[in-house]
Amino acid sequence: MEFTHIPVLFHETLDSLQIRPDGLYVDCTAGGGGHSKAIAERLTTGRLIAIDRDPDAIAILHERLGNFPQVQIVQNTYDNIRSVLNGERADGILADLGVSSYQLDTAQRGFSFHKDAPLDMRMSKVGLSAADVFNTYSEPELYRVIKEYGEERYAGAIARNIVRVRQKKPIKTTFELIDVIKMSMPQKALRDTHPARRTFQAIRIEVNGELTGLDRALDEMFEALKVGGILSIITFHSLEDRMVKQRFQSFAQGCTCPKDFPVCVCGKTPRAEILIKGKAPSKEELEQNPRAHSARLRSVRKMKED
């Protein structure tokens with residue numbers, strides 16, 4: 001098994017964690033182990049917990065990190081981080097969101113609209129698949145998912161045509177779905193970008209519960225930090241980036257009294273300080289890895305317990 005993944009904003013992310021050799025760190029989306037290996041190499045008496053939901057990733061993590069006794073590998077989801085830590089608090093937590101290069105490039109996983117494959121898209125390889133969504137969801141449900149998670153302008157037509165086509169024959173492969181998407185768009189829209197990009201994003205988010213999981217995980221990850229600990233997150237599309245940005249801002253919010261109050265009466269002080277506000281990849285990185293174009297790095301330091 002060849003699990004390749006080019007970590008985005010690699011050096012910036014590692015620097016953001018301000019790694020201490022004796023600290024406890026968690027890589028919540030360890031994937032192919034790029035970030036995890038680099039963190040482990042900076043530790044002496046410290047420890048790293050590498051988490052991933054993908055069983056393929058877990059297998060390769062054992063291969064690549066097996067020589068690091070300070071690394072614990074756990075198959076789980078990042079919204080369960082406090083359960084994984086079992087009462088411990090971390091000095092630094094990293095989450096590199098989205099789909100990995102391995103998942104995109106492995107045709108049978110069904111994540112890519114560039115390769116014909118069964119409609120799957122399950123990061124954990126269990127549970128609801130993309131084919132289940134396209135062949136069982138009602139037209140209003142399909143419209144909601146494609147519109148809300150894909151921000152797709154032609155969501156109504158796509159949902160309508162999916163229901164019409166599947167009445168004759170189930171939609172089972174990526175290229176069968178792309179044909180339906182193409183027939184749902186005007187010619188001009190087909191030239192702008194790949195017509196399936198937004199729909200594939202939407203269904204992947206739905207299948208893997210990405211936004212609902214992230215909503216829970218943001219609070220869980222922040223609570224799992226020690227005071228002084230750092231949480232760094234890399235996002236890849238506007239929906240998750242907006243969620244991370246707003247939650248980090250809420251952690252860093254202090255007084256909530258009306259502006260016309262002469263003095264603070266609420267007594268609230270910031271729980272965190274924002275260290276990095278939406279850092280984008282450099283021009284040089286984008287030339288080497290075009291998939292990084294939408295990536296943004298955000299980082300906060302925990303200042304106090306609630």
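Thresholds, definitions, all that
- Residues numbered from 1 in each chain as written.
- Predicted model: local features only at pLDDT ≥ 70, side-chain atom pairs only at ≥ 80, totals over all residues.
- Heavy atoms only, no water.
- Pairing = 2+ DSSP bridges.
- Helix = DSSP H or I, 4+ residues; strand = E, 2+ residues; numbered from the N terminus.
- Axes fitted to C-alpha atoms, helices over the stretch in contact; angles between N-to-C directions.
- Contact = heavy atoms within 4.5 Å.
- Buried < 20%, exposed > 50% of the residue type's maximum accessible area, 1.4 Å probe, protein only.
- Arc of directions from axis to C-beta.
- Core = buried A, V, L, I, M, F, W, Y, C linked by side-chain atoms within 4.5 Å.

I keep staring at the sheet that holds strand S1 (residues 24-27) and nothing clicks. Help me out?
Sheet strands pair via backbone hydrogen bonds, and the direction of the pair is either parallel or antiparallel. With respect to topology, seven strands assemble into an open sheet ordered S3-S2-S1-S4-S5-S7-S6, the strand pairing being mixed. Since the sheet does not close on itself, it has two edges, and those belong to strand S3 (71-75) and strand S6 (272-279), each with one partner. Along the sheet, successive strands turn relative to each other by an average axial angle of 10 degrees, direction set aside. Relative to S3, strand S2 (residues 47-52) runs parallel, the two sharing five bridges. If you follow Ala50 over to S3, its bridge partner there is Ile73. Against the sheet, helix H3 (residues 55-65) contacts S2 and S3, and its axis sits at roughly 165 degrees relative to S3.

What's the story with helix H9 (residues 174-183) in this structure? I'm lost.
Because each turn of an α-helix spans 3.6 residues, side chains separated by three or four positions end up pointing in the same direction. If you check which residues of H9 are buried, you get Thr174, Leu177, Ile178, Val180 and Ile181. Projected onto a plane normal to the axis of H9, the buried residues spread over an arc of 160 degrees and lie on a single side. If you follow the buried residues of H9, they end up packed against helix H6 (130-136), helix H8 (155-166) and helix H11 (197-208).

Help me out: how do you make sense of the nonpolar core in this one?
Core analysis: the biggest nonpolar cluster contains 63 residues, and Val26, Ile93, Ile162, Ile203, Met221 and Ile233 have the highest contact counts within it. Beyond its immediate chain neighbours, meaning those up to four positions away, Met221 contacts Cys28, Tyr78, Ile81, Ile93, Ala95, Leu231 and Ile233. If you look at the next biggest cluster of nonpolar residues, it comprises 19 residues, including Tyr25, Ile39, Leu43 and Phe68.

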